[in-house]
Each structure stands twice: as structure tokens, then as C-alpha cells.
Amino acid sequence: MRHWLNKNTKYLFTVPTVTFVVICMAYPLLYAAYMSLHEWRMSAVKAPEFIGLQNFITLLQDDRVLHSIWFTFSYFFVTVALEAVFGVLIAVMLSKIKRRQSLIRTGFIFPMVATPIAMGYVWRMMYDPAIGLFNSALRAMGLPVSTFLTNKDTVFSALAVMEVWHGTPLIILIVLAGLAGMNSDYYESAKVDGANGVQVFFRITLPLLMPTITMGIMLRGIDVLKLYDLIFATTAGGPNQASENLNLLVYTYAFDYLDMGKACALMLIFFTIVLVFAGICIICRRKLERRLG
């Protein structure tokens, strides 16, 4: 027994983690896959009825579902791109500040620690047409008032501003960590060769940071794809489902329409999208690391 324990210790220590993953993640996912092939409403007395892939076919032909997919991807590409650009630029500038850097970092971390629901309500008040901070500023400048969150033409931009404000600090911290571990010999060689700041940034800093930036993009991208609370607290998917993403639509099917079959099917579509995105980011990061290594 002692010999067996010594030989299999590494497996025994992983048993609690594997058990937790199986119970809390694998089982719900498999059950959702099972329910996605059935038609069942929680309000109905009859048992789930097997219908195969009909839920998926119906969902992918629904204009509301297609719009939510378009909104999710549009919101993802715009916000993550802006967060990556602003995060890298701000991190590079912060790395050059030698005094009170910890205090400045703490200020940038604040949006990350704020509760998303509370933050959403604060931003909704700031966007309010009557008492909001932004419209007060527009009035002071003699400009017309804007209904940021209740207008189809402005709701996307208003939500994007909130998400960029909330998500950029994570990119900043990740890039700062990458800059801290960077070899200074590259910069000394570039200085000897007479390279200016722009050349150093694009030829040395940015290429060396790409694996780190890719990791930050993956983390922020997953958060944006599964975003729920911020949009729910501000627009709840309105106006007229203009800001409804996949997460909100899954909630609507499950708890408003009580259609668990379609909700599970839509959740699997959403899960597949997130999984594919994470896989692409991991592959890109490994390729970049091998190229730099």
C-alpha cells in the first residue's frame, strides 16, 4: 500500500479538483446538451420531448437570435480592440513614471473592483437625459441633449464606453507585468544604435509584448463575450432588443419564456463561440512565444 501511494501521489492530489470540475462543470454541460435536443417548458406538466436538432435550426433562423449574435460580436471586436490599444499605451506611459507609480496603479485598478451591477446603475444615472452628468455638460456647451441608452443609434457607443472604462485596467496591469520582466539589454542596444522612441516601441516593445497582450485580449474577450450584468443594469437589452447580447437572450428564453430546450441550445452555441475564441488565442500565444524564443 505504501509503495502504491508513493507511486500514485500525483494522481491522488488531483482527485478533489477533478471531482469538483466533473460535478460543477462537466455534468451541467452534459445535461444542457441533453436538454438542447428536447422541447420542454418549465411551466408544462409533460416530460421533455426529444426533437433532435430542431431547437438549433429554429434559433439560427430567428432574426432576434441573429441580431444578438451580431451585437455580441460587434461589441466584442470594438471594445476589446479599444481596450488593447488604450491598455498598451497607458501601460507604456506608466512604466516610464518612477515616482508614486503604486498610487497611480491603484487609481487605474478602481474600475475593476467596482461591482458591475452598481457600476451599471451609476453609468445609467450619468447617461440620464434629465439629471445625467453627460447631458449637463452638453447643456453647458449649448448642445442638444442626447438619450444615450434609449436611442438605437447611440446605445451601442454608450455601452462600449462603459465596457472600455471597466476593462482597460486589466490590460494595463497585464502589460505592466510584461514590461517589468522585459530584458533591458534590447533597449540599451537600440539606444546605442540611435533608435528613437517610436522605433523602439514598434520594433522592440510591441513585438516582445505580443504574447502578454494576447493573453490579456483572451481574458478580456471572454469577459466581454459573457457580459451580462453591465448591460442588464443599464438597458436590459433595450431599446427594442437593440443591445441584447447572447447572454441576455439565454436568460430571456430560460426565465421569461421558460423554454429550457431553446435556452440550453442557445447556451451551447454561446459556449462553442467562447471555446473557439479561447483556443485561437492560446494557439496564437504559443506561436508568438516560439517565435520570440
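None of these values were measured; they are calculated from a predicted model.

This paragraph deals with unusual backbone geometry. With an omega of -5°, the peptide bond running from G238 to P239 counts as cis. Assignment of secondary structure puts P239 in the loop between α11 (229–234) and α12 (246–256). Phi at L258 takes a positive value of approximately 55°, unusual for a residue other than glycine. Mapped onto the fold, L258 is located in the loop between α12 and α13 (260–292).

Turning to the packing of helix α8 (residues 155–180) against helix α10 (residues 197–225), a few remarks are in order. Where α8 meets α10, the closest approach of the two axes is 9 Å, and the angle between their N-to-C directions is 145°. Seen from above, α8 lies across α10 with right-handed handedness. Across the interface between the two elements, E163, H166, G167, L170, I171, I174, V175, G178 and L179 of α8 pack against T205, L209, T212, I213, G216, I217, L219, R220 and V224 of α10. Residues of the contact of α8 with α10, tallied by class, amount to ten nonpolar, six polar and two charged.

A separate point is the side chain of T72. Locating T72 in the fold gives a position in helix α4 (residues 63–95). Using a relative accessible area of 4% as the deciding quantity, one classes T72 as buried. For T72, the side chain forms a polar contact with the main-chain oxygen of S68, separated by 2.7 Å. Within the structure, T72 has its side chain in polar contact with the backbone nitrogen of L246 (distance 3.1 Å). If we ignore the near neighbours within four places in the chain, the residues touching T72 are L225, N245 and L246.

Turning our eyes to something else, we now look at the packing of α12 against α13. In the contact formed by α12 and α13, the axes pass within 8 Å of each other and the chain directions differ by 160°. When the axis of α12 is compared with that of α13, the two are roughly antiparallel. Note on packing geometry: the crossing formed by α12 with α13 is left-handed. On the side of α12, the interface is formed by L246, N247, L249, V250, Y253 and A254, while α13 contributes M260, K262, A263, L266, M267, F270 and I273. Taken together, the residues of the contact of α12 with α13 break down into eleven nonpolar, one polar and one charged.

Another point: a positive patch on the surface. Residues R286, K287, R290 and R291 make up a contiguous surface patch of positive charge. Structurally, R286 can be placed in helix α13. Overall, R286 belongs to the exposed group, its relative accessible area being 53%.

Turning to the state of the cysteines, a few remarks are in order. Two cysteines whose sulfur atoms are joined by a covalent bond form what is called a disulfide. On inspection of all chains with the given rule, the structure shows zero disulfides. Free cysteine C264: the closest other cysteine sulfur is in C24, separated by 17 Å. On the accessibility criterion, C264 (10% relative accessible area) is buried.

Per the counting criterion, the structure on display carries 20 aromatic pairs. Pairing W123 with F134 gives two aromatic rings, centres 6.0 Å apart and planes at 25°, and the pair type is stacked. One end of the pair, W123, is in helix α6 (residues 116–126); the other, F134, is in helix α7 (residues 133–140), with eleven residues separating them in the sequence. F134 gets classed as partly exposed once you look at its relative accessible area, which sits at 28%. A ring pair is formed by Y228 and Y251, whose centres lie 5.7 Å apart and whose planes are at 45°; its orientation type is tilted. Residue Y228 is found in the loop between α10 and α11, and its partner Y251 is found in helix α12; the two are separated by 23 residues along the sequence. For Y228, a relative accessible area of 22% puts it in the partly exposed group. Taken together, the ring pairs in this structure connect W123, Y127, F134, F148 and W165 into an aromatic cluster.

Definitions and cut-offs
Residues numbered from 1 in each chain as written. Predicted model: local features only at pLDDT ≥ 70, side-chain atom pairs only at ≥ 80, totals over all residues. Heavy atoms only, no water. Helix = DSSP H or I, 4+ residues; strand = E, 2+ residues; numbered from the N terminus. Axes fitted to C-alpha atoms, helices over the stretch in contact; angles between N-to-C directions. Left-handed = near helix turned anticlockwise from the far one by under 90°. Contact = heavy atoms within 4.5 Å. Nonpolar A, V, L, I, M, F, W, Y, C, P; charged D, E, K, R; others polar. Buried < 20%, exposed > 50% of the residue type's maximum accessible area, 1.4 Å probe, protein only. Polar contact = N/O pair within 3.5 Å; in protein donor to acceptor, adjacent residues only side chain to side chain. Parallel < 35°, antiparallel > 145°, perpendicular 65-115°, else oblique. Patch = residues over 30% accessible without salt bridge, like charges linked within 9 Å, V, L, I, M, F, W, Y side chains within 5 Å. Areas by Shrake-Rupley, 256 points an atom, 1.4 Å probe, with all protein chains shown as cover. Salt bridge = Lys/Arg side-chain N within 4 Å of Asp/Glu carboxyl O. Lys, Arg positive; Asp, Glu negative; His and termini not counted. Charge placed at Lys NZ, Arg CZ, Asp CG, Glu CD. Disulfide = S-S within 2.5 Å. Phe/Tyr/Trp six-rings, centres within 6.5 Å; stacked < 30°, edge-to-face > 60°.

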